[in-house]
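Summary of the model geometry
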Amino acid sequence: MAERIRTHDWSATALGAADTWSPSLRATISLLLGCGFPMIALWGRDLIQVYNDGFRDLMGLKHPAGLGQPTRECWPEVWHINAPIYDRVWGGETFTFEDALYPLSRSGRVEDAWFTLTYSPLRDEAGEIAGILVVLLETTARVLADRALRESEARFRAELEQQVQERTAELQASRDLLKATMDSSMDMIQVFKAVRDPSGEIVDFEWILNNHTSESLYGRVRGESLLERNPGVIQEGIFETFKRVTETGQPSTAEHHYVHEQFDGWFFQCAVKLGDGVATTTKEISAWKAAQEEVLRLRDEIAQAALRESEERFRALARLIPVLLWRTDEDGRHNSLNEAWLTYTGQTPQQSQDGSWLEAIHPDDREAASAAFRTGREQQRLIEVQQRIRRHDGQYRWFLVRQAPIVDAEGQVTQWIGAAMDIHDLHDLQERQAVLVAELQHRTRNLLGVVRSIAHQTMVQTGPTERFREQFNDRLAALSRVQGLLSRSDQEPITLRTLIRTELEALGGGDYADRIHIAGPPVRLRKASVQTLALAVHELATNARKYGALTSEHGRLSVTWQADGDDRGGGTLLIEWIEEGISRPREGRGPTRRGYGRELIEQAMPYALNAKTRYELGETRLRCAIELPLGERFGAISTA
């Protein structure tokens with residue numbers, strides 16, 4: 001599956017090309033590929049499937065088409081089961097089901113399958129839920145075996161009870177009929193008469209009737225004493241049972257392991273009152289008991305083997321993964337740590353117990369780390385902190401630390417699984433990147449100042465009008481303000497309206513203010529999307545001033561947008577750029593050559609911003625529509 005994932009065409013899916021994947025998605029895929037249990041990650045709102053070899057073996061004919069496919073398209077037959085679960089996992093909940101029934105179509109027909117599985121949220125670098133992790137184990141064989149055992153046991157008991165009822169009715173009808181029926185049964189059927197002392201106390205039982213099966217084991221025992229012939233009934237409690245049935249009239253059923261001269265085995269016996277005594281039906285169940293014990297033994301053996309295998313896999317995984325891992329009990333005390341933690345910190349397993357692990361945390365981070373772990377355990381939720389951890393040589397490095405609870409079927413936390421990933425280099429890179437960006441923006445503003453100065457000196461030499469020099473300086477200042485917006489974006493978010501006005505003013509839009517209409521709701525832009533969108537608006541504005549609506553007194557320009565948001569911060573944004581009153585030269589009405597601006601809008605924007613664009617140029621009218629997805633990649637609706 002690692003090879004398939006590497007060679008799969010991900011650009012055709014909602015995940016995009018593999019080289020654009022986030023670190024959290026890459027870490028998730030690395031984790032599930034290294035695990036022997038069947039695991040599948042459902043990433044993004046489309047729930048795109050990425051799975052390991054263990055899950056591949058469960059898919060049947062749905063593999064390999066299921067890789068990169070939305071899970072609803074891959075498993076439509078169980079969508080009605082999974083959809084409500086996925087909705088709640090998106091809300092941050094984790095679910096574990098044991099022996100859950102799923103009607104699957106993985107071999108060309110629908111068949112029932114049972115699984116023990118866990119649905120848990122996957123989070124991205126910002127801590128937001130980005131997908132769902134499903135870890136499962138198919139239990140179909142065991143469930144069917146248990147069902148067959150229960151059905152067999154029920155049929156067996158029902159058969160015995162039916163036999164007792166039938167035999168009792170026949171005893172009441174006739175001794176001869178009873179004898180004939182008894183002799184035809186494969187069970188031992190016996191009738192005993194109570195033997196009482198002068199006080200009326202039952203001191204023994206006498207055989208008065210024995211069927212053929214019983215005689216084959218005991219011989220002819222009519223008229224003989226039960227206690228003399230079979231004294232073991234006292235130790236087994238059978239004698240007391242016969243007395244109780246005779247005196248109370250309440251039937252009794254019980255299993256006995258009985259040792260006799262002729263046999264040693266297990267028996268299922270039913271006793272009912274008959275006159276002043278009892279009638280019994282006894283069925284040997286030695287083979288059934290042996291089979292039952294073997295099934296239980298095999299079940300325990302399989303469970304123990306699975307547990308040992310799980311423990312070994314966890315230990316092997318913990319040793320192989322270059323991440324600091326640990327597992328604690330429900331109170332947060334360490335149970336086990338992997339070699340990576342001990343090697344990195346230089347601590348011994350004893351030193352890492354009972355809170356001593358805090359000594360490896362930077363003194364400035366200890367209080368926050370302790371409070372985060374304490375709050376997470378109290379609320380039984382995912383714990384995530386960034387902190388510095390001391391290496392064995394005394395150097396501190398930044399780590400992203402997460403610890404998640406494992407809950408049982410009753411929702412009780414049984415243990416915690418924790419991991420710490422080294423992000424020191426990323427942390428330093430982000431700091432250096434921030435410094436470089438600020439320096440670059442500063443140098444850009446300085447460069448624009450130099451351009452302004454050169455233009456001023458040139459105009460002094462060439463002698464342009466004062467009005468031209470003033471407009472030229474104003475437009476260069478507008479370009480500088482765009483860079484200023486980016487440099488202040490951390491403190492002052494960039495809005496769509498501000499960006500459009502800045503680009504128009506940079507090209508002299510103020511001179512045509514009475515012919516330009518701008519309207520739309522407040523929309524904040526992500527820094528990553530500003531450059532591409534600004535280039536597109538710049539190209540549209542330049543064309544409007546050179547060839548479009550702003551070249552004639554009758555031309556009009558309308559720039560409007562409308563946003564359709566959802567509860568999760570997503571949705572769509574539609575921007576419409578409409579020019580009316582265009583006067584195209586007659587010689588230019590042939591096939592239109594695609595310039596840089598149109599290629600930017602129709603090709604670059606769909607790739608960079610996942611946009612949908614439409615560029616329509618008529619004789620007197622131009623309409624350009626740009627539809628963009630709201631969210632983390634582009635921007636969001638703002639009420640500010």
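The rules behind each value
Residues numbered from 1 in each chain as written. Predicted model: local features only at pLDDT ≥ 70, side-chain atom pairs only at ≥ 80, totals over all residues. Heavy atoms only, no water. Helix = DSSP H or I, 4+ residues; strand = E, 2+ residues; numbered from the N terminus. Buried < 20%, exposed > 50% of the residue type's maximum accessible area, 1.4 Å probe, protein only. Contact = heavy atoms within 4.5 Å. Areas by Shrake-Rupley, 256 points an atom, 1.4 Å probe, with all protein chains shown as cover. Pairing = 2+ DSSP bridges. Axes fitted to C-alpha atoms, helices over the stretch in contact; angles between N-to-C directions. Phe/Tyr/Trp six-rings, centres within 6.5 Å; stacked < 30°, edge-to-face > 60°. Core = buried A, V, L, I, M, F, W, Y, C linked by side-chain atoms within 4.5 Å. Salt bridge = Lys/Arg side-chain N within 4 Å of Asp/Glu carboxyl O. 1 Å grid on protein atoms, 1.4 Å probe; cavity = no way out; pocket = protein on both sides within 12 Å on 5 of 7 lines; lining within 4 Å. Points joined across faces, edges and corners; volume = space filled by probe spheres on them. Nonpolar A, V, L, I, M, F, W, Y, C, P; charged D, E, K, R; others polar. Arc of directions from axis to C-beta.

1. Some details on the overall build of the chain
- Within the chain one finds 19 helices and 22 strands.
- Counting every position in the chain, which comprises 640 residues, the buried fraction comes to 40%.
- Sequence-distant contacts, at least 24 apart, represent 52% of the contacts inside the chain between residues at least 6 apart.
- When the accessible surface of the chain is totalled, it reaches about 35,100 Å², and 51% of it is carbon and sulfur.

2. Considering the sheet that holds strand 3 (residues 95-105)
- With respect to topology, five strands assemble into an open sheet ordered 2-1-5-4-3, the strand pairing being antiparallel. The two strands at the open ends of the sheet, each matched to only one other strand, are strand 2 (48-51) and strand 3. The average angle at which neighbouring strand axes cross in this sheet is 35 degrees, direction not considered.
- Here strand 1 (residues 39-43) pairs with strand 5 (residues 129-138) via five bridges, running antiparallel. Bridged to Leu42 within strand 5 is Ile132.
- The strands touched by helix 2 (residues 23-33) within the sheet are strand 1, strand 2 and strand 4 (110-123), with strand 1 carrying the most contacts at an inclination of about 165 degrees.
- Contacting strand 1, strand 3, strand 4 and strand 5, helix 5 (residues 79-90) runs over the sheet at an angle of about 145 degrees to strand 3.

3. Some words on the packing of aromatic side chains
- This model, assessed by the stated rule, comprises 13 aromatic pairs.
- Ring geometry for Tyr51 and Phe55: centres 5.6 Å apart, planes at 45 degrees, overall tilted.
- The buried category is assigned to Tyr51, whose relative accessible area is 0%.
- Owing to a relative accessible area of 7%, Phe55 belongs among the buried residues under this scheme.

4. Things to note about the nonpolar core
- In terms of nonpolar packing, the biggest core is built from 44 residues, with Tyr102 and Tyr119 touching the most fellow members.
- Among the secondary structure elements, those contributing two or more residues to this core are helix 2, strand 1, strand 2, helix 3 (53-59), helix 5, strand 3, strand 4 and strand 5.
- With six residues, the single largest contributor to this core is strand 5.
- Ignoring anything within four residues of it in the chain, the contact list for Tyr102 reads Val78, Ile81, Asn82, Ile85, Glu111, Asp112, Ala113, Phe115, Leu117 and Tyr119.
- By size, the runner-up hydrophobic cluster in this structure holds 38 residues, among which are Leu499, Ala536, Leu600 and Cys624.

5. What to know about the pattern of salt bridges
- What the rule picks out here adds up to 24 salt bridges.
- As a salt-bridge pair, Asp365 and Arg388 come within 3.0 Å of each other at their nearest N and O atoms. In this pair, Asp365 sits in helix 14 (residues 363-379) while Arg388 sits in strand 13 (residues 383-390), placing the two residues 23 residues apart along the sequence.
- One salt bridge connects Arg397 with Asp425, and the closest N-O pair in it is separated by 3.3 Å. Taken as a pair, Arg397 in strand 14 (residues 396-407) and Asp425 in helix 15 (residues 424-462) lie far apart in primary sequence, 28 residues in all.
- Residue classification places Arg397 among the buried positions, given a relative accessible area of 13%.
- Salt bridges sharing common partners tie together Arg106, Arg109, Glu111 and Glu138.

6. Points about empty space enclosed by the protein
- Inspection of every chain in the model, using the stated rule, returns six cavities of 30 Å³ or more.
- Of the volumes computed, that of the largest cavity is approximately 230 Å³.
- As for the largest cavity, its lining consists of 18 residues, of which Phe55, Trp75, Asn82, Leu117 and Leu136 are closest to the centre.
- Within the residue set of the lining of the largest cavity, elements represented by two or more residues are strand 1, helix 3, helix 5, strand 3, strand 4 and strand 5.
- The leading source of residues in the lining of the largest cavity is strand 4, at three residues.
- When the residues that make up the lining of the largest cavity are grouped by side-chain class, the tally is 14 nonpolar, three polar and one charged.

7. Structural notes on unusual backbone geometry
- Omega for the bond connecting His63 with Pro64 falls within 30 degrees of zero, at 10 degrees, which places this linkage in the cis form.
- We note that Gln380 has phi near 55 degrees; this positive angle belongs to a residue other than glycine.
- Within the secondary structure layout, Gln380 lies in the loop between helix 14 and strand 13.
- If you check the backbone angles, Asn610 has positive phi at about 60 degrees while not being a glycine.

8. Examining the environment of Lys283
- For Lys283, the position within the fold is in strand 10 (residues 277-284).
- Separated by 123 residues in the primary sequence, Lys283 and Leu160 have C-alpha atoms spaced 8.3 Å apart.
- Leave out the neighbours within four places in its chain, and Lys283 touches Phe156, Leu160, Asp187, Trp266, Phe267 and Phe268.

9. Some words on the pairing of strand 4
- Of the pairings in the sheet, the one linking strand 3 to strand 4 comprises nine bridges and is antiparallel in character. Within strand 4, the residue paired with Ala100 across the bridge is Phe115.
- The hairpin formed by strand 3 and strand 4 contains four residues between the paired strands, and Gly108 there has a positive phi angle of roughly 95 degrees.
- Here nine bridges tie strand 4 to strand 5, and the two strands are oriented antiparallel to one another. When the bridges of strand 5 are listed, Ser120 appears paired with Leu133.

10. Thoughts on the pairing of strand 9 (residues 264-273)
- Among the ten residues in strand 9, seven count as buried, and that is most of the element.
- In this structure, strand 9 lies alongside strand 10, joined through seven bridges in antiparallel fashion. Counterpart to Cys270 in the pairing with strand 10 is Thr281.
- Connecting strand 9 to the antiparallel partner strand 10 that follows it, the hairpin turn spans three residues, and Gly275 within it adopts a positive phi of roughly 60 degrees.

11. Comments concerning helix 2
- Looking only at helix 2, the buried set comprises Ser24, Leu25, Thr28, Ile29 and Leu32. Down the axis of helix 2, the smallest arc covering the buried residues is 135 degrees, so these residues share one side. The outward face of helix 2, more than 90 degrees from its buried face, is lined by the exposed residues Pro23 and Ser30.

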